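Single-letter residue listing:
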Amino acid sequence: MHELCKLSNLTSYGFLATDGEIGHLKEVYFDDLHWQVRYIVVKTDNWIAGRQVLLTPSTIQEIDDDNKLIHVSLSCEQIKKSPPIDSKQPVSKHYQQQFHSYYGLDPYWTADPLFLETPFVLPLKNEAPQEPENPHLRSSNEVTGYKLETTDNSVGQIKDLIVDNHILGVRYLEIDTRILLPGRHVLISPAWIEQVDWRTQQVKVELTEKLVKEAPEYDSGQPISRDYELELYRHYGKMLTN
């Protein structure tokens, strides 16, 4: 059973619709409140002129590690007719409303009780929709490379994201503890983040440099075991609850 995985490893996996392969993972969009994955961006290669499409994690049926395939519950035709996304522009909430309406889904900002944000209000009938505010979406490609700021120093940068089963959420940030040269890699939970400064590209934690650098080393060649997670949480003085 697929559990935790480096997001970058999944870029080699193909996405398989109910009637054919549709492309490969490019990135994910997560909300910056709870680090839940809201959309998966799939690059369709030459299938539909290299267009990029969005999928929600709820459409994933299975992640087949042996064959490096991610099975989704949609047909090629459904995906082809979905609202086109402009890869050069941020994903607006107006676009998301069109996207969710097309698939008959409730938007996450109204369906998820944990998402604390003013619900999107649909325009009155015959009223032209106005472009709403940014929906707190962040790109996995954007956050990769951000510096980790401890209470007393800068400690490396974000190397990758560790996502959970079916790409539902970001479980850990993989930190390379050196900036100029490759260093020791450790993991940080998004729950321990005090602030993300998107303008200066810094992730701030209430942890010391020493504590981070002496954390149990993360070996990307080995699966993340329950014992490793328990050791990691004990090191940081945290409690693992799930």
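Structure: above.
All residue numbers refer to position in the chain's written sequence, counted from 1. Totals for whole chains, interfaces and linings use every residue, but because this is a predicted model, local features are given only for residues with pLDDT of at least 70 and side-chain atom pairs only at 80 or more, for both listing and counting. Computation of side-chain values covers all heavy atoms of the structure but excludes hydrogens and water.

(A) Just the overall build of the protein, in detail. A count of helices and strands for the protein gives six helices and 14 strands. For the protein, buried positions account for 49% of its 242 residues. When checking whether two residues touch, look at their non-hydrogen atoms; a contact exists if any pair is within 4.5 Å. Long-range contacts, defined here as pairs at least 24 residues apart, represent 52% of the contacts in the protein between residues at least 6 apart. Summed over its atoms, the accessible surface of the protein is roughly 12,800 Å², and 47% of this surface lies on carbon and sulfur atoms. Under the scheme used here, helices are H or I runs from DSSP no shorter than 4 residues and strands are E runs no shorter than 2 residues, and both carry numbers assigned from the N terminus. In this scheme, a residue with accessible area under 20% of its type's maximum is buried, one over 50% is exposed, and one in between is partly exposed, where area comes from a 1.4 Å probe on protein chains only. Here the Shrake-Rupley method, with its probe set to 1.4 Å, supplies the accessible areas, and only the displayed protein chains count as covering residues.

(B) The arrangement of helix H2 (residues 93-103) in detail. Among all positions in H2, only Lys93, Tyr95, Gln96, Gln97, Phe99, His100 and Tyr103 are buried. Considering only its buried residues, H2 is in contact with strand E4 (37-43), strand E5 (52-55), helix H1 (76-80), helix H3 (108-111) and strand E8 (137-139). In the segment just after H2, Gly104 is the residue with positive phi, at about 70 degrees.

(C) Broad picture of the packing of aromatic side chains. Aromatic contacts are taken between Phe, Tyr and Trp rings whose centres are within 6.5 Å, Trp giving its six-membered ring; a plane angle under 30 degrees counts as stacked, one over 60 as edge-to-face, and the others as tilted. Under the counting rule described, the total for this entry stands at 10 aromatic pairs. With 6.0 Å between their ring centres and 70 degrees between their planes, Tyr39 and Tyr108 make a pair best called edge-to-face. Of the two residues, Tyr39 sits in strand E4 while Tyr108 sits in helix H3, which places them 69 residues apart along the sequence. Overall, Tyr39 belongs to the buried group, its relative accessible area being 0%. In this structure Tyr108 comes out as buried when scored by relative accessible area, which is 7%. Members of the aromatic cluster, connected to one another through ring pairs, are Tyr39, Tyr95, Phe99, Tyr102, Tyr103, Tyr108 and Trp109. Criterion for a charge above a ring: Lys NZ or Arg CZ within 6 Å of the ring centre, and within 35 degrees of the ring normal. The positively charged end of Arg138 is found above the aromatic ring belonging to Trp198, 4.2 Å away from the centroid.

(D) Broad picture of the environment of Val41. Assignment of secondary structure puts Val41 in strand E4. The exposure class assigned to Val41 is buried, which follows from its relative accessible area of 2%. Sequence separation between Val41 and Thr56 is 15 residues, and the spatial gap between their C-alpha atoms is 8.9 Å. In this view, Val41 contacts His24, Leu25, Lys26, Glu27, Tyr29, Gln52, Val53 and Leu54; residues no more than four positions away in its chain are not counted.

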